[in-house]
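These are the residues of each chain, in order.
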Amino acid sequence: MLKVSIIGATGYAGAELLSILYRHPQVEITHITSESHTGKKFSEIYPHLNGIYNQTLESLNDIEKIGGDSDFIFIALPHGHAMDVGKKLESLPVRIIDLGADYRFSDTSIYESWYNVPHTHKNAPRVYGLAEIYREEIRNAKIIGNAGCFTTASILALAPLVRHHLIDVNTIIIDAKSGVSGAGRSPKLGNHFPELYDNFKAYNVAHHRHTPEIEQALEDIGGEKIILNFTPHLVPMSRGILATCYANIKENCTAGTIDAAFQKMYGNEKFIRVLGRDAYPETKFVRGSNYCDIAWHIDERTGRVIVLSAIDNLVKGAAGQAVQNFNIAAGLEEDIALDFVPIYP
């Protein structure tokens, strides 16, 4: 059994993580923490897990003890907080999977410029945690910076086209929509029911923090500089992301070439369902699962390819991806505890 602790267990991602790990035959939960609910039972915060997780929530005050008791630690805290935990645990053999943004960037100056927070653990050995792209690097990583939700949907949609140099990377536009759970559990005016219901809006246009994360991964995959447009939208549902990605097709690139690129890259992937050309992924078809559904359309009139991808932002976009990375890092079968079907309807 592997001893696992979760730092920041009472956010939506932390609760989803516990729900998934309950199914994991190789995991023993040793510590769960929450600074806002210290001393309470987890089931008081999330009654749907009553009788499943009744552990008392701890504080981070003795992080070294938590680290010493654990083989792996999942950090589910807002950006800016994981670095302190990572620094305090760097001398211990415990391995870290950070669901936040602190360890996602190879160039910490990019993190600092987009998140407006000093990076205090610049030399930490870290790997970007998008399993289908960085599987081999994840196997032996000390710290895994779990990919973000919008980024997962967008990178997976575009990676085959970028890897095989089938598109003009300077023409990439990503238009993505997310359910409100992606904004976290803390109440905010924009997430208040009367504000959100029967509404549909864009936000952080040209400034969303997932933009450089998408660019970093696609540059790494394709080997060339990329600057793209990413526009996120909020829709009145609790879960799900649908990303619509546009790019100009290069000359002499055929529909068959594009079809082959997706099949070659993802044909054997457990959690990527390649729906094919002219299909339509939907968020409800992946709800509550670790799947990413991908399809593409070719607009011959404009010379563009349009790729659609759908994920559950709390599973493949957060906790499910973290468990997938954990399984890889622990040398286990990648789909352990993740082989559940989407919830429908």
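Data block above holds the structure.
Treat the numbers as computed from the prediction; the structure is a model and nothing was measured.

K.L.:
Looking at this structure, how should I read the overall build of the protein?
P.N.:
Helix and strand counts for the protein stand at eleven helices and 13 strands. Along the three orthogonal principal directions, the C-alpha set of the protein runs to about 60 × 45 × 40 Å. Looking at the 345 residues of the protein, the share that counts as buried comes to 55%. A separation of at least 24 residues holds for 70% of the contacts in the protein among residues at least 6 apart in sequence. Surface exposure of the protein reaches about 14,900 Å², of which carbon and sulfur atoms provide 49%. For the protein, the centre of its 32 positive side-chain charges and the centre of its 40 negative side-chain charges are spaced 2 Å apart.

K.L.:
Whenever I open this one, the pattern of salt bridges confuses me. Can you help?
P.N.:
When their charged atoms lie close together, side chains carrying opposite charge are able to pair. Within this structure, the stated rule accounts for 16 salt bridges. Among the ionic pairs, D335 bridges to K270, the shortest N-O distance being 3.9 Å. Of this pair, D335 sits in the segment after α11 (315–329) while K270 is found in the loop between α10 (255–266) and β11 (272–277), placing the two residues 65 residues apart along the sequence. What emerges from the salt-bridge pattern is a single network uniting E16, R239 and D312.

K.L.:
Which parts of the structure should I look at to understand the pairing of strand β2 (residues 27–33)?
P.N.:
Where a strand is regular, its side chains alternate between the two sheet faces. Counting buried positions over the seven residues of β2 gives six, a clear majority of the element. Relative to β2, strand β1 (residues 2–7) runs parallel, the two being bridged by six bridges. Bridge pairing links K3 to E28 in β2. For the handedness criterion, the β-α-β arrangement of β1, helix α1 (residues 12–21) and β2 is classed as right-handed.

K.L.:
Got a minute to help me understand the sheet that holds strand β10 (residues 241–249) in this structure?
P.N.:
Within a sheet, neighbouring strands are paired by backbone hydrogen bonds and run either parallel or antiparallel to one another. Overall, mixed pairing links the seven strands, which are arranged β8-β9-β7-β10-β13-β12-β11 in an open sheet. Where the open sheet ends on each side, the last strands, each with one partner, are β8 (201–202) and β11. Here β8 pairs with strand β9 (residues 229–234) via two bridges, running antiparallel. Residue pairing across strands places A202 opposite H233, the latter belonging to β9.

K.L.:
Please clarify how the sheet that holds strand β5 (residues 126–129) should be interpreted in this entry.
P.N.:
Taken together, the six strands give an open sheet; going across it, the order is β2-β1-β3-β4-β6-β5, and neighbouring strands pair in parallel fashion. This sheet does not close on itself; its edge strands, each paired only once, are β2 and β5. Each strand of the sheet is rotated relative to its neighbour by a mean of 20 degrees, with strand direction disregarded.

K.L.:
Looking at this structure, how should I read the nonpolar core?
P.N.:
Most often, soluble globular proteins keep nonpolar side chains buried together rather than apart. Counting 89 residues, the largest nonpolar core has L21, F42, F74, I172 and L218 as the members making the most contacts within it. The element that contributes the greatest number of residues to this core is helix α7 (residues 149–163), accounting for ten residues. Among residues more than four places away in sequence, those in contact with L21 are V4, I6, V27, I29, Y53, F74 and V323.

K.L.:
Would you mind going over the side chain of N325 with me for this structure?
P.N.:
Note that N325 resides in helix α11. At a separation of 3.0 Å, a polar atom in the side chain of N325 contacts the main-chain carbonyl oxygen of G129.

Parameters at a glance
- Residues numbered from 1 in each chain as written.
- Predicted model: local features only at pLDDT ≥ 70, side-chain atom pairs only at ≥ 80, totals over all residues.
- Heavy atoms only, no water.
- Helix = DSSP H or I, 4+ residues; strand = E, 2+ residues; numbered from the N terminus.
- Buried < 20%, exposed > 50% of the residue type's maximum accessible area, 1.4 Å probe, protein only.
- Contact = heavy atoms within 4.5 Å.
- Areas by Shrake-Rupley, 256 points an atom, 1.4 Å probe, with all protein chains shown as cover.
- Lys, Arg positive; Asp, Glu negative; His and termini not counted.
- Charge placed at Lys NZ, Arg CZ, Asp CG, Glu CD.
- Salt bridge = Lys/Arg side-chain N within 4 Å of Asp/Glu carboxyl O.
- Pairing = 2+ DSSP bridges.
- Right-handed = clockwise from strand over helix to strand, strands pointing away.
- Axes fitted to C-alpha atoms, helices over the stretch in contact; angles between N-to-C directions.
- Core = buried A, V, L, I, M, F, W, Y, C linked by side-chain atoms within 4.5 Å.
- Polar contact = N/O pair within 3.5 Å; in protein donor to acceptor, adjacent residues only side chain to side chain.

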